[in-house]
Amino acid sequence: MSTRFRFCFLFASLMLAGMGPACSQVAIPLPSASEPGQPVHGEHTHPHALLRQAHLTRLEERLSTDQETLRRQCRFVSDISTAPPQNKVVLTFDDGPEPDQIEYILEVLDKYSIPATFFFIGDKMAQHPDLVAKVQEKKRHLIGSHSWDHPNFHDIDENAQRSAIMRGLEQMPAGNQARYFRYPYGNSSCFGNDTIHQQGYHITGWHVDTCDWAFDRNGSVDTHEALSCGVLSQYRHDFVGHVVASLRARRGGIVLMHEIHPNTLRQLERLIQEMQADGFTFTSLDDPAMQASMR
Ligand SMILES: [Zn+2]
């Protein structure tokens with residue numbers, strides 16, 4: 001069976017189940033999917049439970065602590081309150097590079113001539129220099145640092161924070177001009193911020209968290225996680241609808257996604273199409289209009 005045929009068969013099955021786009025829309029084979037939250041490659045893939053716990057802890061703290069205290073402790077600088085340039089979107093993908101997954105994303109981005117930023121984990125970059133090179137060869141995309149090994153900065157001391165930042169930055173590829181750092185789980189600290197800024201890096205958060213990790217392989221999110229992620233009930237089985245509605249509410253901005261979740265990849269092309277149909281245009285983090293959103 002040819003790859004193309006197998007792929008169309010897969011999507012015909014998904015269509016019958018009411019879960020997929022038409023085969024004619026998709027010509028790029030998806031990588032073999034893995035269960036969300038299960039290690040895909042390497043030992044530092046997010047365990048689902050860890051992510052869920054970090055998300056709930058974050059929500060609880062934000063609800064129970066006054067804004068001034070959070071600001072003074074530099075706790076959540078990743079949530080960008082600054083308005084983005086109107087109707088401009090920056091796609092960002094965290095937690096790679098992952099074999100197969102990133103190649104699929106690159107093909108989709110090529111098809112639509114869209115730039116993106118990849119926030120790579122340092123030790124995964126060390127394992128997959130070929131994948132890093134593939135991103136660089138495209139010229140269109142930026143590579144940012146997502147630390148060395150993806151710790152929760154709210155749970156580690158300053159020495160460990162410095163090490164996670166510095167080892168991550170040391171792993172950035174030669175010739176990479178971009179200077180962007182994104183905190184794992186979006187959890188920042190004053191010490192971390194100072195360290196990142198001293199290295200000439202910008203802290204990059206997001207306007208829209210797609211909460212893609214919470215959607216399972218069938219594209220559904222359970223009620224509990226929907227609540228913690230702010231997914232409205234009408235979008236509990238509609239990842240694309242949720243993201244586009246969130247973008248409309250923010251009128252564009254930096255969009256957080258992860259390359260390790262099967263549903264994100266499966267819906268990526270339709271998501272791009274829906275964003276375009278809604279009048280959003282795609283730009284790079286290097287767009288001067290985006291700089292006010294950096295920290
Ligand atoms: Zn991450």
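Refer to the structure presented above.
Each chain carries its own residue numbering, running from 1 in the direction its sequence is written. Given that the model is predicted, a residue must reach a pLDDT of at least 70 before its local features are reported, and side-chain atom pairs must reach 80 or more before they are shown or counted; all residues, however, enter totals for whole chains, interfaces and linings. Each side-chain value is worked out from all heavy atoms of the structure, with water and hydrogens disregarded.

Chemist: Would you take a moment to explain the pattern of salt bridges for this structure?
Modeler: Opposite charge on two side chains permits pairing when their charged atoms draw close. Any Lys or Arg side-chain nitrogen located within 4 Å of an Asp or Glu carboxyl oxygen qualifies as a salt bridge. In this structure the tally under the stated criterion is 13 salt bridges. Measuring nitrogen to oxygen at the nearest pair gives 2.8 Å for the salt bridge that ties Arg182 to Asp94. Of the two residues, Arg182 is situated in the loop between strand S4 (180-181) and helix H8 (190-198) and Asp94 in strand S1 (residues 88-96); the sequence distance between them amounts to 88 residues. Note on accessibility: Arg182 and Asp94 belong to one class, buried. Glu103 is the partner of Lys134 in a salt bridge, and the nearest nitrogen-oxygen pair spans 2.4 Å. Highlighted residues: Lys134 in helix H6 (residues 129-137) and Glu103 in helix H4 (residues 101-112), separated in sequence by 31 residues. Think of it in three bands: with a 1.4 Å probe and only protein chains considered, a residue is buried below 20% of the maximum accessible area for its type, exposed above 50%, and partly exposed in between. By relative accessible area, Lys134 is classed as partly exposed at 33%. With relative accessibility at 23%, the residue Glu103 sits in the partly exposed group. Put simply, Arg58, Arg62 and Asp79 are held in one network by salt bridges that share partners. Elements are defined by DSSP. Helices are runs of H or I of four residues or more, strands are runs of E of two residues or more, and each kind is numbered from the N terminus.

Chemist: Is there a simple way to think about the coordination of the zinc ion in this case?
Modeler: Any two of four tetrahedral donors ideally make an angle of 109.5 degrees at the metal, while pairs among six octahedral donors ideally make 90 or 180 degrees. The zinc ion binds to the protein through Asp95 (OD), His146 (NE2) and His150 (NE2); the donor distances cover 2.1 to 2.2 Å. We call an atom a donor if it is N, O or S and sits within 2.8 Å of the metal, or 3.2 Å for Na, K and Ca. Water is not counted, so some sites may look partial. Each donor residue of the zinc ion lies on one chain, and together they are spaced D-x50-H-x3-H. Taken as a pair, Asp95 in strand S1 and His150 in the loop between strand S3 (142-145) and helix H7 (158-170) lie far apart in primary sequence, 55 residues in all. An identical accessibility class is assigned to Asp95 and His150; each is buried.

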